[in-house]
Amino acid sequence: MDWHFVFSQALTQAIGPTMLVYALGAIGLNLQFGYTGLLNFGQAAFAAVGAYGLALAVVAFGLPFWWGILVGLGCAVVLALLMGIPTLRLRADYLAIVTIAAAEIVRRLFRATVWSEHTGGSDGMRGFSDPFFALNPLSEDATWTFLFVSMDSGRLTVDFGLFDLQYSHRDLWVMTIGWALVAFFCIVLALLVHSPWGRVLKGIREDEEAVRSLGKNVFAYKMQALVIGGLIGAVAGFVFALSRANVQPDTFSTDFTFYFYVVLILGGAAKIFGPVLGAALFWFLYNIFSQGLSQAINAGVISTEYLNQTQVGPLVFFLLGLGMVLLLIFRPQGILGNKRELMLDVR
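The structure displayed is predicted, hence computed values, not measured ones.

## Focus: the overall build of the protein
Tallying secondary structure elements over the protein gives 14 helices and six strands in all. Computed over its C-alpha atoms, the radius of gyration of the protein comes to 21 Å, within 12% of the 20 Å expected for a compact globule of 347 residues. The C-alpha extent of the protein, read off along each of the three principal axes, is 65 × 55 × 45 Å. Within the protein, the proportion of its 347 residues that are buried is 51%. Contacts in the protein between residues far apart in sequence, at least 24 positions, make up 74% of those at least 6 positions apart. Looking at the protein as shown, the accessible area adds up to about 16300 Å², and 65% of this sits on carbon and sulfur atoms. In the protein, 20 side chains carry a positive charge and 21 a negative one; their mean positions are 13 Å apart.

## Quick notes on the packing of helix H4 (residues 65-84) against helix H11 (residues 218-244)
Where H4 contacts H11, the axes come no closer than 8 Å and their chain directions differ by 140 degrees. The orientation of H4 with respect to H11, classified from their angle, is oblique. Considering how the two elements wind past one another, H4 and H11 form a crossing that is right-handed. Contacts from Phe65, Ile69, Gly72, Leu73, Ala76, Val77, Ala80, Leu81 and Gly84 in H4 reach Phe219, Met223, Leu226, Val227, Gly230, Leu231, Ala234, Val235, Phe238 and Leu242 in H11. Class assignment of the residues belonging to the contact of H4 with H11 gives a composition of 16 nonpolar, three polar and no charged.

## Focus on the pattern of salt bridges
Following the criterion strictly, the structure yields eight salt bridges and no others. Its salt-bridge partner being Glu208, residue Lys222 comes within 2.7 Å of it at the nearest N-O pair. Of this pair, Lys222 sits in helix H11 while Glu208 is found in helix H10 (residues 208-213), placing the two residues 14 residues apart along the sequence. The same class applies to Lys222 and to Glu208, which are both buried. Here the salt bridges do not stand alone but share partners, grouping Glu104, Arg107, Arg108, Arg111 and Asp250 into one network.

## Quick word on helix H8 (residues 169-193)
Here H8 is 25 residues long and its end C-alpha atoms lie 36 Å apart, about the 36 Å a rise of 1.5 Å per residue gives. Within the span of H8, buried status applies to His169, Leu172, Trp173, Val174, Met175, Gly178, Val182, Phe185, Cys186, Leu189 and Val193.

## Observations regarding a nonpolar patch on the surface
A surface patch of nonpolar side chains, about 640 Å² in accessible area, is lined by Phe318, Leu322, Val325, Leu326, Ile329 and Phe330. Turning to its location among the elements, Leu326 is positioned in helix H14 (residues 309-330). The partly exposed category is assigned to Leu326, whose relative accessible area is 41%.

## Focus on unusual backbone geometry
One non-glycine residue with positive phi stands out, namely Ala245, at about 60 degrees. On the secondary structure map, Ala245 appears in the loop between H11 and strand S6 (246-247).

## Structural notes on the environment of Leu39
With respect to the helices and strands, the residue Leu39 is situated in the loop between helix H2 (17-35) and helix H3 (43-60). Among the residues examined, Leu39 registers a relative accessible area of 17% and is labelled buried.

## Focus on the packing of aromatic side chains
One pair of aromatic rings is described through two measures. These are the centre distance and the angle between the planes. Applying the stated criterion across every chain yields a total of 23 aromatic pairs. Pairing Tyr22 with Trp283 gives two aromatic rings, centres 5.4 Å apart and planes at 55 degrees, and the pair type is tilted. Remark: Trp283 occurs in helix H13 (residues 274-298) and Tyr22 occurs in helix H2; sequence separation between them is 261 residues. A residue is classified by how much of its surface remains accessible, and Tyr22, at 7% relative accessible area, is buried. We classify Trp283 as buried; its relative accessible area is 14%. Through a chain of ring-to-ring contacts, the aromatic side chains of Tyr22, Phe240, Phe252, Phe256, Tyr259, Phe260, Phe282, Trp283, Tyr286 and Phe317 assemble into a single cluster. Sitting above the plane of the Phe219 ring, Arg89 keeps its charged end 3.9 Å from the centroid. Between Arg170 and the ring centre of Phe133, over which it is positioned, the NZ or CZ distance is 3.7 Å.

## Concerning H3
Think of an α-helix as 3.6 residues a turn; residues three or four steps apart then line up on the same face. Under the 1.5 Å per step criterion, the end-to-end length of H3 is 25 Å for 18 residues, consistent within 8% with the ideal 26 Å. Remark: Gly62 follows H3 within two positions and exhibits a positive phi of approximately 70 degrees.

Basis of the calculations
- Residues numbered from 1 in each chain as written.
- Predicted model: local features only at pLDDT ≥ 70, side-chain atom pairs only at ≥ 80, totals over all residues.
- Heavy atoms only, no water.
- Helix = DSSP H or I, 4+ residues; strand = E, 2+ residues; numbered from the N terminus.
- Rg over C-alpha atoms; globule rule 2.2 N^0.38 Å.
- Buried < 20%, exposed > 50% of the residue type's maximum accessible area, 1.4 Å probe, protein only.
- Contact = heavy atoms within 4.5 Å.
- Areas by Shrake-Rupley, 256 points an atom, 1.4 Å probe, with all protein chains shown as cover.
- Lys, Arg positive; Asp, Glu negative; His and termini not counted.
- Charge placed at Lys NZ, Arg CZ, Asp CG, Glu CD.
- Axes fitted to C-alpha atoms, helices over the stretch in contact; angles between N-to-C directions.
- Parallel < 35°, antiparallel > 145°, perpendicular 65-115°, else oblique.
- Left-handed = near helix turned anticlockwise from the far one by under 90°.
- Nonpolar A, V, L, I, M, F, W, Y, C, P; charged D, E, K, R; others polar.
- Salt bridge = Lys/Arg side-chain N within 4 Å of Asp/Glu carboxyl O.
- Expected span 1.5 Å × (residues − 1).
- Patch = residues over 30% accessible without salt bridge, like charges linked within 9 Å, V, L, I, M, F, W, Y side chains within 5 Å.
- Phe/Tyr/Trp six-rings, centres within 6.5 Å; stacked < 30°, edge-to-face > 60°.
- Lys NZ or Arg CZ within 6 Å of the ring centre and 35° of its normal.

This is the structure:
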């Protein structure tokens, strides 16, 4: 077995574009669930409206790329208002029902054939990412060496001795922007939650009636948290769509939101760097298991009588699910979390 290849592939994915998408989505969810106690099961919907807002603005309406970004963010704000206004004065379980339904409605609207001329239906949309990659300063045929970093034919190689990380020049550009966005939103979130506004959010999570008795407008604070978290979710949708250079409705299923929760709980809710650590660890473990099992089967270490390549995927998710169950039993606060900060039984 080539363990060097297995670990290199796992580490490549652990800091790559896909991990950044889940880190950004979980950062938004961290503000809503971790700090405010809002059970938002529709973060996939915010990512979808962000991605489709950008794609439709650029492809269908011919607007500039940056206008497409503003359209996507505006759609996320509208969606948050539509979901929050009728539910945020009620118990948290009503918000959970509305958001999970809204996510499925949004996905099916973009998938509907009646608008397929504009949205592409189930086939999705392309052609909106060209202005983004046109800004890429890394030439595809560039060759240069700097310290431990060398570029050859558009492939970036970072050599740490044990690992060999390789990215295309497009992935590297997405990662540059993605990591900058992760750092930016972590800083913003840290400033927000350590401000008086953030302390009110924590108070709402712990005892909503007590905060209301102090004269605070609980509904307004909840709405602000839902909108800001939704905006970060829309940014995750931007990165997701741009990294794939297409947007397709079925990728924004309810599973998308559940993965955000897995990442958040794994890293630690109500912790600034919890979503980032959770996303990196989740994708590292996912690729270690999938690459390791595939390599073991190819090398004959595991007989195909017991496990074949088509069974690797389900087994990997079983192992990850088992790990999450054990984590919730023995350390429900996650890796970085504080047990007093985590409220799975929110009101």
